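Here is how the chains run, residue by residue.
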Amino acid sequence: MDAQKVMVFSLAMRLSSFVNLAMLILVSTCASVALGVTAFSSSVAQASSFEAANNTVNEGSVISAEKQNQSVNFKRDEKINVAVAANFAKPLKSIAEQFTELTGIEVAVTVSSSGTLYAQIQHGASFDVFLSADRARPQALVDNNVVHHGNLVDYAKGKLAFVYAGDLSSEAFSEISSKTSGERNCEQFARSSTGDTTAQINAQLTDCLSRQLVQLMENPQNKVAIANPKLAPYGDAAQQTLQNLSLWHQFLPHRVMGKNVLQTLQFYTTGSVKGAFVAYSLALDLPADLSSNLPSNLPSNFNSVVNTESAEAITVIVPVPETLYKPIIQSLVVNSKTVATLSPNLFEPLPIKNAAAPVDEPIHNDNVEPTRAFRLSDANGVSSPSLFVQYLMSQGVQHSLIEWGYEPTIASGVGN
């Protein structure tokens, strides 16, 4: 009997251990399943959030969808390659950074002369967008069926300038500062605010530019730099200017040629040449912070900066009259045989719907939503290169070109 009790007790203990083990396994399994469901639910939530941010919503959920899109802030994890003419490299760097911050699309930039970049594209270079310093090369890509004819856009109008090292010796400077009336020389005239007409300003600028070039070239040792006219549109404009001044042949013995306007400007800033024809936008970027070294009696309309080589010389910036060269219309192409999506511009304000207004009534500025934020969810089906061009052609970016020394090519929107 005692043996039977022992056996029963032993079986009971084993059964208890089995139950506890089963319970332990069950609890562990449930815990694992619970963890799996949590992780999966998070993925579902992210997928649902992404879908809500990118799909069209009905009118009642517009506000919540916008808030969700702003909070999640999904962006494209892509990169585009942009080739740009040297004169526009600095503005493009700023524009590209803003574009990346807004869309998440990275922009890899290649800088060279327009001619070099054009040749590379003809040989199959994989640039997504090509920003030239002229219209001829992008147009040639269209004419040769390399890109679609709808992918050509004029994005800026450039200006040519001549920069040269002026003399701040006491005798020369005294002569400059004493000329407060009557005939003005280049130093006094550059950027002066007068009541002269455009024709009068161009005539006087032409005269002083011609005289200054002749004076520089009287010394056989003086060199003057231009960009290669065959590669760089600003070099071509400089050649046109010298030819229209009847100074081209006189200039040739003094010529130093850069591959592009950046190298041309470098020849000047390093003191290798006495003068240079460059993009006006680049001339504006010369180191004005050194102007404190100038004499105190410098005329207020004296447009100059100190040359880094010597405190005895200043840089004088003379805008070249646009009558001396053909307009520098800078164009771009989206490098694709498929038409780019350039309209509507997703970076422009949307018209405010007004049911009371006639259908054919023109949209005025006061009927435009000024603070519309760009939403990547609206860009479904629009390629990243197309988005980049839309951003460059948006009103805000186009207006900012003035600060860089360019003129916008259009008032608003995208067009040729």
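Look up: the structure comes first, before these words.
Residues numbered from 1 in each chain as written. Predicted model: local features only at pLDDT ≥ 70, side-chain atom pairs only at ≥ 80, totals over all residues. Heavy atoms only, no water.

As a further point, take the side chain of R76. Its place among the elements puts R76 in the loop between α2 (62–72) and β1 (79–85). As a buried residue without a salt bridge, R76 has its nearest oppositely charged side chain in E78, at a separation of 4.5 Å. At 2.7 Å, the side chain of R76 forms a polar contact with the backbone oxygen of V382. Non-local contacts of R76, meaning those with residues more than four positions away in its chain, are made with T103, G104, I105, L376, A379, V382, S383, S384 and L387. (Helix = DSSP H or I, 4+ residues; strand = E, 2+ residues; numbered from the N terminus. Buried < 20%, exposed > 50% of the residue type's maximum accessible area, 1.4 Å probe, protein only. Lys, Arg positive; Asp, Glu negative; His and termini not counted. Salt bridge = Lys/Arg side-chain N within 4 Å of Asp/Glu carboxyl O. Polar contact = N/O pair within 3.5 Å; in protein donor to acceptor, adjacent residues only side chain to side chain. Contact = heavy atoms within 4.5 Å.)

Under the counting rule described, the total for this entry stands at nine aromatic pairs. Taking 5.3 Å as the distance between ring centres and 85° as the angle between the ring planes, the aromatic pair formed by F99 and F388 counts as edge-to-face. Of the two residues, F99 is situated in helix α3 (residues 89–103) and F388 in helix α13 (residues 384–392); the sequence distance between them amounts to 289 residues. Each member of the pair, F99 as well as F388, carries the same accessibility label: buried. Through a chain of ring-to-ring contacts, three or more aromatic side chains come together here, namely F99, F347, F374, F388 and Y391. (Phe/Tyr/Trp six-rings, centres within 6.5 Å; stacked < 30°, edge-to-face > 60°.)

This part covers the packing of α3 against α13. With their axes 11 Å apart at the nearest point, α3 and α13 run at an angle of 120° to one another. Of the possible angle classes, the one that applies to α3 and α13 is oblique. Note on packing geometry: the crossing formed by α3 with α13 is right-handed. For the pair formed by α3 and α13, the contact residues are L92, I95, A96, Q98, F99 and L102 on the first element and S384, L387, F388, Y391 and L392 on the second. Of the residues in the contact of α3 with α13, the class split is nine nonpolar, two polar and no charged. (Axes fitted to C-alpha atoms, helices over the stretch in contact; angles between N-to-C directions. Parallel < 35°, antiparallel > 145°, perpendicular 65-115°, else oblique. Left-handed = near helix turned anticlockwise from the far one by under 90°. Nonpolar A, V, L, I, M, F, W, Y, C, P; charged D, E, K, R; others polar.)

Moving on, we get to the side chain of N345. Along the chain, N345 turns up in the loop between β11 (328–334) and α13. Of the polar contacts made by the side chain of N345, one reaches the backbone nitrogen of F347; its length is 2.9 Å.

Adjacent strands of a sheet pair through backbone hydrogen bonds, lying either parallel or antiparallel. Reading across the sheet, the five strands line up as β2-β1-β3-β11-β4 and stay open at both edges, with mixed pairing between neighbours. At either end of the open sheet lies a strand with only one pairing partner, and these are β2 (106–112) and β4 (152–158). Along the sheet, successive strands turn relative to each other by an average axial angle of 20°, direction set aside. Where β1 and β2 come together, seven bridges link them in parallel fashion. Bridging from a neighbouring strand, V82 pairs with V109 of β2. Strand contacts of helix α5 (residues 136–143): β3 (129–131), β4 and β11, with the helix running at about 35° to β11, the strand carrying the most contacts. (Pairing = 2+ DSSP bridges.)

Let us now look at α5. Taken together, the buried positions of α5 are R137, P138, A140, L141 and V142. The inward-facing, buried residues of α5 abut α4 (114–122), β3, β4, α9 (233–244) and β11. N145 sits one or two positions beyond α5 and adopts a positive phi of about 60°.

Working note: α-helix, 3.6 residues per turn, so residues spaced by three or four point in the same direction. Among all positions of α4, only S114, G115, L117, Y118 and I121 are buried. The buried residues of α4 occupy an angular sector of 165° when the element is viewed end-on, so they sit on one face. Structurally, α4 contributes buried residues whose contacts are with β1, β2, β3, α5 and α9. Once α4 ends, the next one or two residues include G124, with phi positive near 100°. (Arc of directions from axis to C-beta.)

Axes are the key here: two packed helices are described by the angle between their axes and the distance separating the axes. α5 packs onto α4 with a crossing angle of 15° between their chain directions and a minimal axis gap of 10 Å. Overall, the two elements α4 and α5 adopt an arrangement that is roughly parallel. In terms of crossing hand, the pair formed by α4 and α5 is right-handed. Contacts from S114, G115, Y118, I121 and Q122 in α4 reach R137, A140 and L141 in α5. Tallied by class, the residues present in the contact of α4 with α5 amount to four nonpolar, three polar and one charged.

The omega torsion across S343 and P344 is 0°, close enough to zero to call that bond cis. Of note, P344 is situated in the loop between β11 and α13. For N145, which is not glycine, the phi torsion reads 60° and is therefore positive. Within the element layout of this structure, N145 appears in the loop between α5 and β4. Notably, S246 is not glycine yet its phi reads approximately 60°, a positive angle. Inspection of the secondary structure assignment puts S246 in the loop between α9 and α10 (248–251).

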